[in-house]
Amino acid sequence: MRRRHGGGGATTPLGEPPQALTIDGSLAFRERIALPLDSTAIVAPREASSADGRVVAESRVPLEGRQVPIPFTLLVDRARLAAGARDQFSGAIVSGGRPIRVTEPVEIDAALRAIELGGLRLARYPALASATTLHCGDQAVTVGHVGDTLRLTIGSEAFNLRRVAAASGARHEANGDPSTSFWSKGERATLVVRGQRYPDRSRVTLNFGADSRVGGAASCNRYTAAYALTGEGLAISKAAATTMACAPSLMQQERLFLDLPGQVRRFTLDATGALVLHATDGRTVRARRVPG
């Protein structure tokens, strides 16, 4: 079900509208359940009438422990709004790189001077069975099953995919959109979203040894560094890596990762038992134990 909002209190524009469209509202849910501390609120209008569902604008706000209701104000540059397009607005709460609450999309009238959406209800995001998070460049992608459907989440978007015939491996295509697909072959996978191809699945690993060395896979190359664990925290030296060349997107992902260890100063364990490394500039790396 979709609702259309001209907004309570919003009026049809008189004369030339302002350069920015203001969208106000709040995100909330009724259950008395606290959001995880690492939650981020995402709100975004989208051009629903276009073939690719183009995102017009997006706001991401780390909540840092704040709870619902979560007010928002989003300013949208009217130059990004296509004349006559059908636009929708949606919100989500993301934790650990995965959506945990989402709103239904609501239609908005971008010709108005301002839009007041009021309270948008956040529903629980369906739990994924055997979910896996992949990193394509600097983009986190989560895939998992809801019943017989493969659910793929990238950024603030989610796709339902069905399995289709393939010469090898398991290939899934988005319902009604064959230009979006996920094709897994053993330890590798290929992701295409609306015709845009993402790099093959790669792994970043952290192996802490008793010899005060940490190393593993950095996406393309192998790396190693020294570490020291004290009562004050964790320190890791600048990593040294092999020099193989891979796809540009994988090299970008690798550079982002290898820049981090030398800035790590402490670690924590999150509610799921994952190891979280904290850098001095606020960035984090979350690692989960692999059995075996």
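From a predicted model like this one, the values you see are computed outputs, not experimental measurements.

Draft legend 1. Looking closely at the nonpolar core. In this structure, Ile-23, Leu-27, Phe-72, Val-76, Phe-89, Ile-93 and Leu-117 are the most contacted members of the largest nonpolar core, which totals 25 residues. Of all hydrophobic cores here, the second largest spans 15 residues; its members include Ala-218, Tyr-227, Ala-239 and Phe-257.

Draft legend 2. Structural context of the side chain of Ser-39. Positionally, Ser-39 belongs in the loop between β2 (20-28) and β3 (40-47). Look at Ser-39 and you get buried, because its relative accessible area is 1%.

Draft legend 3. Molecular detail of the side chain of His-172. If you trace the backbone, His-172 turns up in strand β15 (residues 170-174). We classify His-172 as buried; its relative accessible area is 8%. Excluding its chain neighbours within four sequence positions, the residues that come into contact with His-172 are His-145, Leu-150, Leu-161, Arg-162, Arg-163, Thr-180, Ser-181 and Phe-182.

Draft legend 4. Highlighting the pattern of salt bridges. Tallied over the full model, the rule gives 8 salt bridges. With a shortest N-O distance of 3.3 Å, Arg-101 and Glu-31 are connected by a salt bridge. Of this pair, Arg-101 sits in strand β7 (residues 98-102) while Glu-31 sits in the loop between β2 and β3; the two residues are 70 residues apart in sequence, bridging distant segments of the chain. Overall, the relative accessible area of 4% leaves Arg-101 in the buried class. For Glu-31, a relative accessible area of 34% translates into the label partly exposed.

Draft legend 5. Structural detail: the environment of Gln-263. For Gln-263, the location among the structural elements is in the loop between α1 (248-258) and β24 (264-269). With 16 residues separating them along the chain, Gln-263 and Ala-279 place their C-alpha atoms 4.9 Å apart. Sequence-distant contacts of Gln-263, that is, excluding residues within four places in its chain, are made with His-278, Ala-279, Thr-280, Asp-281 and Arg-283. Of note is the side chain of Gln-263, whose polar atom sits 3.3 Å from the backbone oxygen of Asp-259.

What counts and what doesn't
- Residues numbered from 1 in each chain as written.
- Predicted model: local features only at pLDDT ≥ 70, side-chain atom pairs only at ≥ 80, totals over all residues.
- Heavy atoms only, no water.
- Core = buried A, V, L, I, M, F, W, Y, C linked by side-chain atoms within 4.5 Å.
- Buried < 20%, exposed > 50% of the residue type's maximum accessible area, 1.4 Å probe, protein only.
- Helix = DSSP H or I, 4+ residues; strand = E, 2+ residues; numbered from the N terminus.
- Contact = heavy atoms within 4.5 Å.
- Salt bridge = Lys/Arg side-chain N within 4 Å of Asp/Glu carboxyl O.
- Polar contact = N/O pair within 3.5 Å; in protein donor to acceptor, adjacent residues only side chain to side chain.

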